[in-house]
Amino acid sequence: MEGSSFRVCFTARDAVGVLDPLPPACRVAHVQRCQYCVQGGDTLGSVMKSYGLDTNWLRLWLHNGNENPAGSELPKTITNPDLMVGKAAQALTEDEKRENSLGQPVVWVGPVYDVQEGDGLALLAKKFRTTVASLLSVNPDIKGEEDVRVGRPVCLVPCS
């Protein structure tokens, strides 16, 4: 789920049970908020449509040509949308690399906003020209007003 962290633990033992099992090895996986992992055949228009918004791909193009959210280690711009898929990773320049830990290209689908005092779903929707339904669809970890707390990051995808 976007914006969540999951702890995954593995244990190993031999198939016949002769040796003692190894101690568990645990890792924490962080699922980034407001990012989409591009798959083969995706276009900026199809990414927008997958979020149930519209097919205004220029919104994604413009958003990914700006500064990334604070703390992001990804390069700051996509210089050519045709290079997002189909070009071998080793052939990309540093500025063209926008990928997750698996090497899949990512695009930012919207900015991340930290909730301020007095914010609620309806106020955020009005402030950022979107809908409560859109806020809930791109923030699956937010179920209702009780989940909108000061300092909580929220993904915003404005409507047209």
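Residues numbered from 1 in each chain as written. Predicted model: local features only at pLDDT ≥ 70, side-chain atom pairs only at ≥ 80, totals over all residues. Heavy atoms only, no water.

Caption draft 1: Expanded view of a nonpolar patch on the surface. There is a patch of nonpolar side chains on the surface, built from Phe6, Val8, Phe10 and Val31 and spanning about 340 Å² of accessible area. With respect to the helices and strands, Phe6 occurs in strand S1 (residues 5-10). (Patch = residues over 30% accessible without salt bridge, like charges linked within 9 Å, V, L, I, M, F, W, Y side chains within 5 Å. Areas by Shrake-Rupley, 256 points an atom, 1.4 Å probe, with all protein chains shown as cover. Salt bridge = Lys/Arg side-chain N within 4 Å of Asp/Glu carboxyl O. Helix = DSSP H or I, 4+ residues; strand = E, 2+ residues; numbered from the N terminus.)

Caption draft 2: Representation of the state of the cysteines in the model. Under the counting rule described, the total for this entry stands at two disulfides. At a sulfur-sulfur separation of 2.1 Å, the disulfide partner of Cys9 is Cys26. Judged by the sign of its S-S torsion, about 110°, the cystine formed by Cys9 and Cys26 is right-handed. Note that Cys9 is positioned in strand S1 and Cys26 in strand S2 (residues 25-30), a separation of 17 residues in sequence. Residue Cys34 pairs covalently with Cys155 via a disulfide, S to S 1.8 Å. On the sign convention where negative is left-handed, the bridge of Cys34 and Cys155, at about 115° about the S-S bond, is right-handed. Here Cys155 lies in strand S6 (residues 153-155) and Cys34 lies in the loop between S2 and strand S3 (35-37), a separation of 121 residues in the sequence. Numbered by position along the chain, the disulfide-linked cysteines of the protein chain connect as 1-2, 3-4. (Disulfide = S-S within 2.5 Å.)

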